[in-house]
Amino acid sequence: QVQLVESGGGSVQTGGSLRLSCAVSGYMFNNYCMAWFRQAPGKEREAIATINNDGTATYADSVKGRFTISQDNTKNTLLQMYSLESEDTAIYFCAAEVSYGGVCSHTSDRYNWWGHGTQVTVNS
């Protein structure tokens, strides 16, 4: 059973930075995808960054050049966010799926396990 717990959210001013972390416990898989999704009020949940077991990362156009997804040696999945904008305000969720390879999906229903989310608020 995989457990995901997000941390690192908070409130910052436009242009500020935050670092989110997704702590992973439970089973380890050889092939997997980890992803960060976000959901703003009244909006659909959207993928903003993914990373697979090979370290291949993808980003939504809205965050390219500002956000970086990575993993540490304990399998935590990190999201470093720079130059935050008011449009980045959302609940941020960590998600995981077993993958057979290739670029990770940006479709939320492909992911099997989810954290409970951490709030990011960017004040203009």
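How each quantity is defined
Residues numbered from 1 in each chain as written. Predicted model: local features only at pLDDT ≥ 70, side-chain atom pairs only at ≥ 80, totals over all residues. Heavy atoms only, no water. Salt bridge = Lys/Arg side-chain N within 4 Å of Asp/Glu carboxyl O. Helix = DSSP H or I, 4+ residues; strand = E, 2+ residues; numbered from the N terminus. Buried < 20%, exposed > 50% of the residue type's maximum accessible area, 1.4 Å probe, protein only. Polar contact = N/O pair within 3.5 Å; in protein donor to acceptor, adjacent residues only side chain to side chain. Contact = heavy atoms within 4.5 Å. Disulfide = S-S within 2.5 Å.

Engineer: Let's hear about the pattern of salt bridges: which residues, and what values?
Structural biologist: Using the criterion set out here, one finds five salt bridges in the structure. Note that Arg38 is salt-bridged to Asp88, the shortest N-O span being 2.8 Å. With Arg38 in strand E4 (residues 32-39) and Asp88 in the loop between strand E8 (77-81) and strand E9 (90-98), this residue pair connects regions lying 50 residues apart in the sequence. For Arg38, a relative accessible area of 6% puts it in the buried group. The class of Asp88 is buried, set by a relative accessible area of 1%. Two residues, Arg66 and Asp88, come together in a salt bridge whose shortest N-O distance is 2.8 Å. Taken together, the residues Arg66 in the loop between strand E6 (57-59) and strand E7 (67-71) and Asp88 in the loop between E8 and E9 connect sequence positions 22 residues apart. Each member of the pair, Arg66 as well as Asp88, carries the same accessibility label: buried.

Engineer: Give a description of the side chain of Thr58 that names residues and reports values.
Structural biologist: Positionally, Thr58 belongs in strand E6. Here the side chain of Thr58 touches His106 through a polar contact of 2.6 Å, side chain to side chain. Ignoring sequence-local partners within four residues, the contact set of Thr58 consists of Ile48, Ala49, Thr50, Val103 and His106.

Engineer: So what about the state of the cysteines? Which residues, and what values?
Structural biologist: A covalent bond between the sulfur atoms of two cysteines is referred to as a disulfide. Considering all chains together, one arrives at two disulfides under this definition. Paired by a disulfide, Cys22 and Cys94 hold their sulfur atoms 2.0 Å apart. Taking the torsion about the sulfur-sulfur bond, which here is approximately -80°, the covalent link between Cys22 and Cys94 counts as left-handed. Linking Cys22 in strand E3 (residues 18-25) with Cys94 in strand E9, this pair joins segments that are 72 residues apart in sequence. Disulfide pairing is shown between Cys33 and Cys104; the S-S distance is 2.1 Å. Taking the torsion about the S-S bond as the criterion, the Cys33 to Cys104 disulfide, at about -95°, is left-handed. Highlighted residues: Cys33 in strand E4 and Cys104 in the loop between E9 and strand E10 (113-114), separated in sequence by 71 residues. No difference in accessibility class separates Cys33 from Cys104, as the two residues are buried. In the protein chain, the cysteines engaged in disulfides, taken in order along the sequence, are linked 1-3, 2-4.

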